[in-house]
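# Structure at a glance
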Amino acid sequence: MKKYHLETLAVQAGQERQSETQAMNTPIFRTTAFPFRNAEHCAALFALKESGNIYARLMNPTNDVLEKRLAALDGGQAAVTLSSGTAAIYFTITNLATCGEEIVAANNLYGGTFTLFDAILPQQGITVRFTNVNDFDAVEAAINDKTRAIYVETVGNPTLEVADLERYAAVAQKHHLPLVVDATFTPPTLLRPLAYGANIVIHSLSKWIGGHGAGIGGVVIDAGNFDWTDARFTLYNTPDRGYHGLRFAHDLGENAVPFATRLRTVGLRNQGPTLGPDAAWTFLQGVESLPLRMARHSENAQAVAEFLQNHPRVAWVRYPGFQELGKKYLPWGAGGMVVFGVKGDSRTAMETVDRLTLFRLAANVGETRSLVIHPASSTHSQLSDEAQRTAGVSPEMIRLSVGLEHIDDLLDDLRDAL
Ligand SMILES: *Cc1c(COP(=O)(O)O)cnc(C)c1O
């Protein structure tokens, strides 16, 4: 399906025309197991000599359609869905690095990811070295012989800085490290990080891809272009006791996709963070309108950002589309997120939030509905004033996730509240 445009892939990729059931929409396969043809077939599947459905912790035909569709949209070789975006991130890192190894990451990460990297991974002996986004001298300085990946978000949180993916990819290639990119804030059709040299892309499906605030899920997409035979990648070169001494970088055969295969077998099969088929089906409905929705989210957010820039009660506005790197990497639309500061203090910002009626106060982003939050008193409230400033959170700052309502209604709501 590679020759088709993204809009076509969004509604068609991954679904076989001649399915047994002849259903037009993808059925939800509510089953735990899948019968084998015979004992020989069963043995081949268990030995990973042949691929096929065994047990729904590893794979399910509903999830398979979603995985193929998302891999096609991002231009990857294979995708694995997981129970949340957070699970997608955790199992990606532990699929690359083990105790005693390290990751270099940008420091402007989604809050949950920052905690995972800063507090949880170190308990398991994985060190994460944080650097300011786009500070490539710092990235170079943080890399050593224990580094196993570079990790960055396309658009950081909450400052909405755009990562220079080409330069990250160049550093990663120079040191032969995989570049892992969380592209949740800029799903296809806005940005496809693999086209700029990333090796692995992660999305939280809970945000724009699902798009309707209707469930939790995540996906990891493998470009299939990283050479894992480098002996530093112990997880791929050491015979795996759980799989008859299999070495994932060497023994999977010609067209293998070692990272995605290991994520499915060691990750889903042996550690269990599976996405259920009902949620997978819900996300498939979202994917079909993703290109349309991303265009409208971006158009509305751009108009909101421009309106705020010209409003006398507003001190400053940040929108990825206003940045040089945003113009380079996001020519099709810069996404649905806008942050701004009101003239005043924390109290002024909280009162402004309370006066909004269409923008609903919620700790989420990427829904059809417009959402608002005051980070200093909510998502970042556990940080000291000093730490908040370092993270780019100021008392007067308000974060908007701009939805699909009519732009005039959104601007009226903001005008009234300000
Ligand atoms: C929401 C989010 C996550 C976590 O995803 P969940 O599905 O909520 O676990 C990770 N990264 C980014 C950028 C997010 O916005």
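Before going into details, it helps to say that this report is about the structure given with it. Treat the numbers as computed from the prediction; the structure is a model and nothing was measured.

Attention now moves to the overall build of the protein chain. Along the backbone of the protein chain there are 16 helices and 12 strands. What you see for the protein chain is a C-alpha radius of gyration of 22 Å, in line with the 22 Å of a compact globule of 418 residues. C-alpha atoms of the protein chain, sized along the principal axes, occupy 75 × 55 × 35 Å. Scored against the burial criterion, the 418 residues of the protein chain give a buried share of 54%. Entry remark: accessible area of the protein chain is about 18200 Å², with carbon and sulfur atoms responsible for 50%. Taking the average place of the 36 positive charges on the side chains of the protein chain and the average place of its 44 negative ones, the gap between the two points comes to 3 Å.

Reading across the sheet, the 5 strands line up as E8-E9-E12-E11-E10 and stay open at both edges, with mixed pairing between neighbours. Lying at the two open borders of the sheet, with one neighbouring strand each, are strand E8 (314–318) and strand E10 (360–361). Bridge count between E10 and strand E11 (residues 371–373): 2 bridges; the pairing is parallel. Across the sheet, the residue bridging to Leu-361 is Val-372, located in E11.

Attention shifts here to the sheet that holds strand E3 (residues 127–131). With mixed pairing, 7 strands are arranged side by side in an open sheet as E1-E7-E6-E5-E4-E2-E3. One side of each edge strand has no neighbouring strand; the edge strands of this open sheet are strand E1 (78–82) and E3. Within this sheet the neighbouring strands show an average axis-to-axis angle of 20 degrees, counted without direction. Here helix H4 (residues 85–93) sits on the sheet and contacts E1, strand E2 (102–106), strand E4 (147–153), strand E5 (179–182), strand E6 (200–204) and strand E7 (218–222); the angle it forms with E6, its principal contact strand, is near 155 degrees. Along the sheet, helix H10 (residues 258–271) makes contact with E1, E6 and E7, crossing E1 at roughly 25 degrees.

Counting buried positions along strand E9 (residues 337–342) gives 6 out of 6 residues, so the element sits mostly inside the fold. Residues Met-337, Val-339 and Gly-341 line one face of E9 and the alternating positions Val-338, Phe-340 and Val-342 line the opposite face, and both faces are buried. Sheet topology note: the E8/E9 ladder contains 4 bridges and is antiparallel. Looking at the pairing, Val-317 lines up with Phe-340 of E9. Direction of pairing for E9 relative to strand E12 (residues 397–401): antiparallel, over a ladder of 5 bridges. In the strand pairing of E12, Phe-340 is matched with Ile-398.

What follows covers the site of the ligand. Around the ligand, a shell composed of 13 residues is seen, among which Thr-86, Asp-182, Ser-204, Ser-206 and Lys-207 lie nearest. One of the side-chain N or O atoms of Ser-206 is found 2.6 Å from an oxygen atom in the ligand. Measuring from an oxygen atom of the ligand, one finds a side-chain N or O atom of Lys-207 at 2.7 Å. Relative to its free-state accessible area of 380 Å², the ligand is covered by the protein chains to the extent of 93%. Counting residues per element, the ones that place at least two in the shell around the ligand are H4 and helix H8 (205–209). Sorting elements by how many residues they give to the shell around the ligand places H4 first, with 3 residues.

Attention now goes to the packing of helix H12 (residues 290–309) against helix H16 (residues 407–417). Running from amino to carboxyl end, H12 crosses H16 at an angle of 30 degrees, the nearest separation of the two axes being 10 Å. Considering the relative orientation of H12 and H16, their crossing is right-handed. The residues of H16 that touch H12, namely those facing Asn-300, Ala-303, Val-304 and Phe-307, are Ile-407, Leu-410, Leu-411, Leu-414 and Arg-415. Its residues placed into classes, the contact of H12 with H16 shows 7 nonpolar, 1 polar and 1 charged.

This paragraph deals with the pattern of salt bridges. Where charged atoms from two side chains of opposite charge approach closely, those side chains can pair. In total, this model carries 16 salt bridges according to the counting rule given. It is possible to trace a salt-bridge network through shared partners that takes in Glu-102, Arg-129 and Lys-146.

On to the packing of aromatic side chains, then. Going through the model one piece at a time under the given rule, you end up with 14 aromatic pairs. With centroids separated by 5.4 Å and ring planes inclined at 85 degrees, the aromatic side chains of Phe-226 and Phe-233 adopt a geometry described as edge-to-face. On the basis of relative accessible area, Phe-226 is assigned to the buried category, the value being 11%. You can call Phe-233 buried: its relative accessible area is 0%. Between the aromatic rings of Trp-228 and Phe-259, the centroid separation amounts to 5.7 Å while the plane-to-plane angle is 20 degrees, which identifies the pairing as stacked. One end of the pair, Trp-228, is in the loop between E7 and helix H9 (234–237); the other, Phe-259, is in helix H10, with 31 residues separating them in the sequence. Classification of Phe-259 as buried rests on a relative accessible area of 0%. The structure contains a cluster of three or more aromatic residues connected by ring pairs, namely Phe-226, Trp-228, Phe-233, Tyr-236 and Phe-259. Positioned above the aromatic ring of Phe-248, the side-chain terminus of Arg-262 is 5.7 Å from the ring centre.

Conventions adopted
Residue numbers restart at each chain and count upward from 1, following the sequence in its written direction. Residue-level local features of this predicted model are given only where pLDDT is at least 70; pairs of side-chain atoms are given and counted only at 80 or more, and the full residue set underlies all totals for whole chains, interfaces and linings. Derived side-chain values reflect all non-hydrogen atoms in the structure, with water molecules and hydrogen atoms excluded from consideration. In DSSP terms, a helix is any run of H or I states spanning at least four residues, a strand is any run of E spanning at least two, and both are numbered starting from the N terminus. As defined in this context, the radius of gyration uses C-alpha atoms, and a globule is described by 2.2 Å times the residue total to the power 0.38. Relative accessibility decides the category of a residue: with a 1.4 Å probe and only protein chains considered, values under 20% of the type maximum give buried, values over 50% give exposed, and everything between is partly exposed. For the area figures, the Shrake-Rupley method with a 1.4 Å probe applies, and any residue is considered shielded solely by the protein chains shown. Residues scored as charged are limited to Lys and Arg (positive) and Asp and Glu (negative), so that His and the chain ends carry no count. A charge is said to be at NZ when it belongs to Lys, at CZ for Arg, at CG for Asp and at CD for Glu. Two strands are counted as paired when DSSP detects at least two bridges linking them. In this description, a line fitted to the C-alpha atoms serves as the axis of each element, helices being fitted only across the stretch in contact, and the angle between N-to-C directions of two axes falls anywhere from 0 to 180 degrees. Residues count as neighbours in contact if any of their non-hydrogen atoms are within 4.5 Å of one another. Whether a residue is near a molecule or strand is decided by its heavy atoms; if any one of them lies within 4 Å of it, the residue is near. N or O atoms closer than or at 3.5 Å make up a polar contact, with two conditions inside protein: a donor-capable atom paired with an acceptor-capable one, and, for residues adjacent in sequence, both atoms drawn from side chains. The sense of a crossing depends on the near helix, which, turned anticlockwise from the far helix by less than a right angle, makes the crossing left-handed and, turned clockwise, makes it right-handed. Charged residues are taken to be Asp, Glu, Lys and Arg, nonpolar residues to be Ala, Val, Leu, Ile, Met, Phe, Trp, Tyr, Cys and Pro, and polar residues to be all remaining types, Gly included. Here a salt bridge means any side-chain nitrogen of Lys or Arg lying within 4 Å of a carboxyl oxygen belonging to Asp or Glu. Centres within 6.5 Å are what make two rings of Phe, Tyr or Trp a pair, Trp counting through its six-membered ring; a difference in plane orientation under 30 degrees is then read as stacked, over 60 as edge-to-face, and the rest as tilted. Distance and angle both matter: a charge sits over a ring if NZ of Lys or CZ of Arg is within 6 Å of the ring centre and within 35 degrees of the ring normal.

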